[in-house]
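Tertiary structure, described
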Amino acid sequence: MAGVVNRSFVGDDGQVPDSKTTTNGTAPVASDTTVDTTSTGSGEREKWDNGVEFLLSCIAMSVGLGNVWKFPSTAFRNGGGAFVIPYMIVLLVVGRPVYYLEMVMGQFSSRGSVKVYDVSPVMRGIGVGQMIAMSIVISYYAATIAVAIRYFAASFSGDLPWATCDPSWTDVNCINSSDIMTKSSITNSTLPVKTSAELYYTRAVTGEDYLVGDEIGLPEWKLSLCLLFIWVCMTFMLIKGIKGSGKVSYFLALFPYVVMLFFAIYAFTLEGAMDGLLYFIKPDWNQLLNPTVWKEAVSQCFFSLSICFGGVIAYSSFNNFSNNIYRDAMIISWLDTFTSLLSGAIVFAIIGHLGFITDETDYTKVIYPGSGLTFITYPDAIAKFEHVPNLFAVLFFFMLFVLGIGSNTGIITSVVTAIRDEFPQLQNWKVVITISVIGFSTGFLFITPASSRLIDYVDYYGVTYVTLTLAVAELFCFCWMYGVDRICRDIEFMLSIRTSILWRTCWKFITPTVLLIILIVTFISGGKPKGFADVYHVLGWFIYALAVLPLPLWGMYVVAKQPKGSIWQKIMSASQPLPEWGPENLALKKKYDDYIDDIQHAGSRNVIQRFFTGRERSYSVNV
């Protein structure tokens, strides 16, 4: 989707070699001036130690619970194969273009998710709103990891505690999850039939079964300790900035794949697994016309890739200026897709196996979507494993812990970066500890017995709606107000990559249009979380307004601060990039300004060809 153009090459000694062949076979002309982007001016932000740390950190952030937990659940809820096709299409026309765009804007400007809107100050409220949405995700994401830690600790018991029924569960017909039961063995029961894995989750872990009406209940003390442990771990990882989190990324990014491949080999060999896989890949073509399926595909794409949350912009802002983010964006986006599909295949293989051993062809009766998929269906399946079920349980829940930590670390980093961009005098450790204390305190709400309903509620109003709304605004700001031509020009200056017509078309037309349509459909279709009184839905819209209102309010403030002129003139002025917009390095910023001047004075793109062939002034960058 991109082509490489000529550029001067700089050796390790900072000098330009006499001759070197470029991608298209031409020899570049030595530049008259070389800019060393490794030298920094005062106040320049820290950088990743190497490109591998950045790549692995992005993988750890993007490949997380959204792939292993949310994707299989969403796919099952929307018809298996009927969801996979829209998901793949959305990834191509929305996910990858937005991911690459956010990487470009972050690396080019070395700014976080709020200050990046120096590109158009009137739109800075987008970054503020995204910070609010990220703060909500941070709280319930950490709580979900806490439940995984609770199961991880329980997996070291002699016998898995959810494998057999507790003697006190006499009000239901409890079936040991470790037993292989069929429908014929439970049809005569006059009591509700539930597995020990389900009852363990709803009674021993969350206490959800003991709620009455709209009660929320109190947090369980073991989950509270697990939540504290999670926040202590993340605090120690983040307190030294990206230097600390970058080192841990090697393990956070690679370990989950070892476990998933291990599970895949086992799951694909189970009896009935092929039936589940067939359900996963065989589409119901009628469902492709269902707008809800497409809405879910966009939501899943955002969640799994972590786009339009600010994390991608924040991580790429710590890159060296000429890091090859086109390559990184392609690797990460395709790897994220592969991980989602692999996770889905594993889950549906297990579902097929559960359907086989229970003689049940209606898979809706053997799986619990949402959090139940992770903490009921998976444990129920593991309890039935004939060989070392405890080992499988330990590996699985430790994998969830690693995935959750990696993703949540990236989200927190984006919030820390945004705060420190605005208040550089604040020390990193103070910001991290403050966020940790607030996140730990609010996390108690999501380890109560009503946690499943509350997560669905805040995710619906405070994340899904907010993210879609601000994503449309973000694409409008970057691709229309700043302009696709300017973005492509900046990419050429930064990476020597000439952007193809496909990327340009996606950024300017296809991606914004798809997001706008999905946003409208989402508002029209509704689909409010169930189990809440009307007053709670009013509160939900208040949460949405709290995250979205910074956009118009900040815009009005910036317009009002402009020098005298008509309203239209003030709006136009507030929409233009600030004078300091551009590369962070001062010497490179001067080269960029000269480069822009040449383009403006030439009045055509011929100067770009001269720029890269070195016929006139050459602007080589020491990479």
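Residues numbered from 1 in each chain as written. Predicted model: local features only at pLDDT ≥ 70, side-chain atom pairs only at ≥ 80, totals over all residues. Heavy atoms only, no water.

- The protein chain carries the name Sodium-dependent nutrient amino acid transporter 1 in an unreviewed UniProt entry, which gives Aedes aegypti as its organism.
- Taken verbatim from the UniProt record of the protein chain, the Function (unreviewed entry) comment is "Unusual broad substrate spectrum amino acid:sodium cotransporter that promotes absorption of the D isomers of essential amino acids. Neutral amino acids are the preferred substrates, especially methionine and phenylalanine."
- Among the UniProt annotations of the protein chain, the heading Sequence similarities (unreviewed entry) holds the following wording: "Belongs to the sodium:neurotransmitter symporter (SNF) (TC 2.A.22) family." (UniProt positions renumbered as here; feature names shortened; annotations may be inferred.)

**Some points on the packing of aromatic side chains**
- Overall, the coordinates contain 63 aromatic pairs when judged by the stated rule.
- Centroid distance Phe108 to Trp581: 6.0 Å. Interplanar angle 50°. Geometry classified as tilted. Of this pair, Phe108 sits in helix H3 (residues 81–109) while Trp581 is found in the loop between helix H19 (567–575) and helix H20 (586–602), placing the two residues 473 residues apart along the sequence. Accessibility assignment for this pair places Phe108 and Trp581 in one class, buried.
- Ring geometry for Tyr461 versus Trp541: centroids 5.4 Å apart, planes at 75°, classification edge-to-face. Here the residue Tyr461 occupies a position in helix H15 (residues 451–495), and Trp541 occupies one in helix H17 (residues 534–548), the gap between them amounting to 80 residues.
- For Tyr461, a relative accessible area of 0% gives the class buried.
- Assessed through its relative accessible area of 33%, Trp541 is described here as partly exposed.
- The ring centre of Phe303 lies 5.1 Å from the NZ or CZ of Lys70, which sits over that ring.
- Against the face of Trp480 rests Lys508, its NZ or CZ located 5.1 Å from the ring centre. (Phe/Tyr/Trp six-rings, centres within 6.5 Å; stacked < 30°, edge-to-face > 60°. Helix = DSSP H or I, 4+ residues; strand = E, 2+ residues; numbered from the N terminus. Buried < 20%, exposed > 50% of the residue type's maximum accessible area, 1.4 Å probe, protein only. Lys NZ or Arg CZ within 6 Å of the ring centre and 35° of its normal.)

**What about the pattern of salt bridges?**
- Summed over the entire model, instances satisfying the criterion amount to 16 salt bridges.
- Of the charged contacts in the structure, one is a salt bridge between Glu296 and Arg77, with a shortest N-O distance of 3.5 Å. Of the two residues, Glu296 is situated in helix H9 (residues 291–305) and Arg77 in helix H2 (residues 65–77); the sequence distance between them amounts to 219 residues.
- Note on Glu296: relative accessible area 17%, which makes it buried.
- Since its relative accessible area comes to 43%, Arg77 is described here as partly exposed.
- A salt bridge links Lys589 to Asp593; its shortest N-O distance comes to 2.9 Å. On the criterion of helical spacing, the pair formed by Lys589 and Asp593 is a turn pair, its members being four residues apart in helix H20.
- A residue is classified by how much of its surface remains accessible, and Asp593, at 30% relative accessible area, is partly exposed.
- Three or more residues joined by partner-sharing salt bridges are found here, namely Arg111, Lys115, Asp118, Arg124 and Glu422. (Salt bridge = Lys/Arg side-chain N within 4 Å of Asp/Glu carboxyl O.)

**Some points on H3**
- Taking 1.5 Å of rise per residue, 29 residues should cover 42 Å, and H3 covers 40 Å from first to last C-alpha, within 8% of that figure.
- In the structure, H3 departs most strongly from a straight axis at Leu91, where the bend amounts to approximately 50°.
- Burial analysis of H3 places 24 of its 29 residues in the buried class, the great majority of the element.
- Positive phi appears at Ser110, one or two residues downstream of H3, with a value of about 50°. (Expected span 1.5 Å × (residues − 1). Bend = angle between axes of the 7 residues up to and from the residue.)

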